Amino acid sequence: MQHISKLPTVETTIFTKMSALANTHNAINLSQGFPNFKSDKTLVDFVNKAMQSGYNQYAPMSGSIELRDAIAAKFSDLYNTSYHPESEITVTAGATQAIYTIISAFVRAEDEVIIFKPAYDCYEPAITINGGKTIAIQLEAPSYAVDWELVKQKVNAKTKLVIVNTPHNPSGTVFSENDMLQLQQITEGTDIIVLSDEVYEHIIFDNKQHQSACLFKGLKERSFITASFGKTFHNTGWKVGYCCAPKALMDEFKKVHQFNVFSVNHPMQKGLADYLQTPNHYLELSVFYQEKRDLFLSLIESSRFNALPSQGTYFQVLDYSNITDEYDVAFAERLTIEHKIASIPLSVFNDNNLDNKVLRFCFAKTDETLKQAASILNTI
């Protein structure tokens, strides 16, 4: 059989490649973004209890009403805003499914979608497979700040969607209030939809405040917010997330969602709903991960890597330009094979594979793992 691929340039993701390389060479894996410590036993017990209590059949298409109520309460408490649990919140099979469904529901052939690179790698393939055109705006290292004047120049009648991500993966930067106000001003009076990827909303450092799209009236009315329980509660393998949006947008989302996954793991939804009744389970995350960031940076202070401390997420970008002028992919591979430590090269997320000589390291690891990793980095 012969066929024409809808994604002819897409290969195995860098995450899969680097994790496989780490496994082959028995390297410390700071590449793929997952914790190597256990989920809270309380949450696991809640899920087990849900299974034993019979929550084992299909959940409602939009998600367990108990979980949607808990999500609505969280937005009310944190952001003083409201999403109706019956019509404006949908539980999804992770944030990636939410993102894919949003793009599928709204992007048609020749529609343009603005993304900011380095960009998480699920955005562009979803745009392409739905016939859209990606308009990439490159963020410049090391600040990765948005040039909003350039964004204004790129917006036109074909612009259907703007995708923003804060806290930002892979750079670890966060949008300011001014960033969100600029985005609001640019999209005001248009039919542009904003997809605000906020999966690391609870992992933000140095007393910075998360600038959710829902805090800005003009943005909220045109925005989807996507979130991830996997990122928040150290269980990425569960693949449970959610999205919020005004009813008119969510109605279109659900039309695609019901034929994509229909519903999401029921006992996990029940367990998460119970777990969310204690807000400190997510409110304490920033302190927890800032301690890990600070530990990692202090441990590699004597190395030849340079770092601007991550502002959010559980990733730290390190500049290696004092060490070598190798292409970042080649250097990441050599570090894994020769030095037994795996990272992610950022060029694969950039426009035209721009190489800024930086690697991304995940610090969502035990202190012992971070100490072992630092001892290696200090010898390079």
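Residues numbered from 1 in each chain as written. Predicted model: local features only at pLDDT ≥ 70, side-chain atom pairs only at ≥ 80, totals over all residues. Heavy atoms only, no water.

A. Structural context of unusual backbone geometry. A cis amide bond links K117 to the next residue, P118, at an omega of 10°. Structurally, the position occupied by P118 is in the loop between β3 (112-117) and α5 (123-129). You will see that K239, though not glycine, has its phi angle at about 55°, which is positive. Within the secondary structure layout, K239 lies in the loop between α9 (229-232) and β8 (241-244). Phi at T313 takes a positive value of approximately 75°, unusual for a residue other than glycine. With respect to the helices and strands, T313 occurs in the loop between α13 (285-299) and β9 (315-319). For T313, a relative accessible area of 0% corresponds to the buried category. (Helix = DSSP H or I, 4+ residues; strand = E, 2+ residues; numbered from the N terminus. Buried < 20%, exposed > 50% of the residue type's maximum accessible area, 1.4 Å probe, protein only.)

B. Region of interest: the sheet that holds strand β4 (residues 133-138). Read from one edge to the other, the open sheet built from seven strands follows the order β2-β8-β7-β6-β5-β3-β4, with strand pairing classed as mixed. In this open sheet, the two edge strands, each paired with only one partner strand, are β2 (89-92) and β4. Put simply, the sheet's adjacent strands are angled 20° from each other on average, direction ignored. The pairing of strand β6 (residues 193-197) with strand β7 (residues 223-228) spans four bridges and is classified as parallel. Counted as the bridge partner of V194 is S223 from β7. Sitting on the sheet, helix α10 (residues 247-260) touches β2, β6, β7 and β8, and the angle it makes with β2 is about 30°. (Pairing = 2+ DSSP bridges. Axes fitted to C-alpha atoms, helices over the stretch in contact; angles between N-to-C directions. Contact = heavy atoms within 4.5 Å.)

C. Focus on the packing of aromatic side chains. Scanning the entire structure with this criterion turns up 24 aromatic pairs. The interplanar angle of 40° and the centroid separation of 4.5 Å between the aromatic rings of Y320 and F331 together place this pair among those described as tilted. Of this pair, Y320 sits in the loop between β9 and α14 (328-339) while F331 is found in helix α14, placing the two residues 11 residues apart along the sequence. Looking at Y320, the relative accessible area reads 0%, which means it is buried. Taken together, F75, Y79, Y83, F229, F233, Y242 and Y275 form an aromatic cluster joined through their ring pairs. One residue, K74, lies across the ring of Y282, its end atom 5.8 Å from the ring centre. The side chain of R360 reaches across the aromatic face of F315, ending 3.6 Å from its centre. (Phe/Tyr/Trp six-rings, centres within 6.5 Å; stacked < 30°, edge-to-face > 60°. Lys NZ or Arg CZ within 6 Å of the ring centre and 35° of its normal.)

D. Highlighting empty space enclosed by the protein. Counted by the stated rule, this structure contains two cavities of 30 Å³ or more. Space inside the largest cavity adds up to approximately 60 Å³. Every residue lining the largest cavity is listed: F116, P118, A119, Y120, Y123, L139, I163, V164, N165, H168, N169 and F175. If you tally residues by element for the lining of the largest cavity, the top one is strand β5 (residues 159-165), at three residues. Looking at the lining of the largest cavity, its residues break down into nine nonpolar, three polar and no charged. Taken as a whole, the second largest cavity encloses approximately 50 Å³ of empty space. Those elements that provide at least two residues to the lining of the second largest cavity are β7 and α9. When the residues that make up the lining of the second largest cavity are grouped by side-chain class, the tally is six nonpolar, three polar and two charged. (1 Å grid on protein atoms, 1.4 Å probe; cavity = no way out; pocket = protein on both sides within 12 Å on 5 of 7 lines; lining within 4 Å. Points joined across faces, edges and corners; volume = space filled by probe spheres on them. Nonpolar A, V, L, I, M, F, W, Y, C, P; charged D, E, K, R; others polar.)

E. Up close: the pattern of salt bridges. Tallied over the full model, the rule gives 15 salt bridges. Taking the shortest distance from any N to any O, the salt bridge between K270 and E66 comes out at 2.8 Å. In this pair, K270 is assigned in helix α11 (residues 266-275) and E66 in helix α3 (residues 65-79), connecting sequence segments 204 residues apart. In this structure, E338 and R334 form a salt bridge, with 3.4 Å as the shortest nitrogen-oxygen distance. In this pair, E338 and R334 are both assigned in helix α14, four residues apart and thus about one turn of the helix distant. (Salt bridge = Lys/Arg side-chain N within 4 Å of Asp/Glu carboxyl O.)

F. Local environment of helix α7 (residues 177-187). Within α7, burial applies to D179, M180, L183, Q184, I186 and T187. Seen end-on, α7 carries its buried residues on one side only, within an arc spanning 165°. On its buried face, α7 sits against α6 (148-154), β5, β6 and α8 (217-220). Directly after α7, the chain includes G189, whose backbone phi takes a positive value near 75°. (Arc of directions from axis to C-beta.)

G. Region of interest: the packing of helix α4 (residues 94-106) against α10. For the pair α4 and α10, the least separation of the axes is 9 Å and the interaxial angle reads 110°. The angle between α4 and α10 falls in the class roughly perpendicular. Considering how the two elements wind past one another, α4 and α10 form a crossing that is right-handed. Residues Q97, A98, Y100, T101, I102, S104, A105 and F106 of α4 lie in contact with α10, whose contacting residues are L249, E252, F253, V256, H257 and N260. (Parallel < 35°, antiparallel > 145°, perpendicular 65-115°, else oblique. Left-handed = near helix turned anticlockwise from the far one by under 90°.)

H. Broad picture of the environment of F305. Note that F305 resides in the loop between α13 and β9. In the structure, F305 is positioned 68 residues away from A373 in sequence and 13 Å away in space, judged by C-alpha atoms. Filtering out sequence-adjacent residues up to four positions away, F305 remains in contact with L318, D319, Y320, I323, F331, L377 and I380.

I. Examining the side chain of T336 more closely. Take T336: it is sitting in helix α14. Residue contacts for T336: discarding those within four places in its chain leaves M18, L21, A22, H25, A27, I341, A342 and S343.

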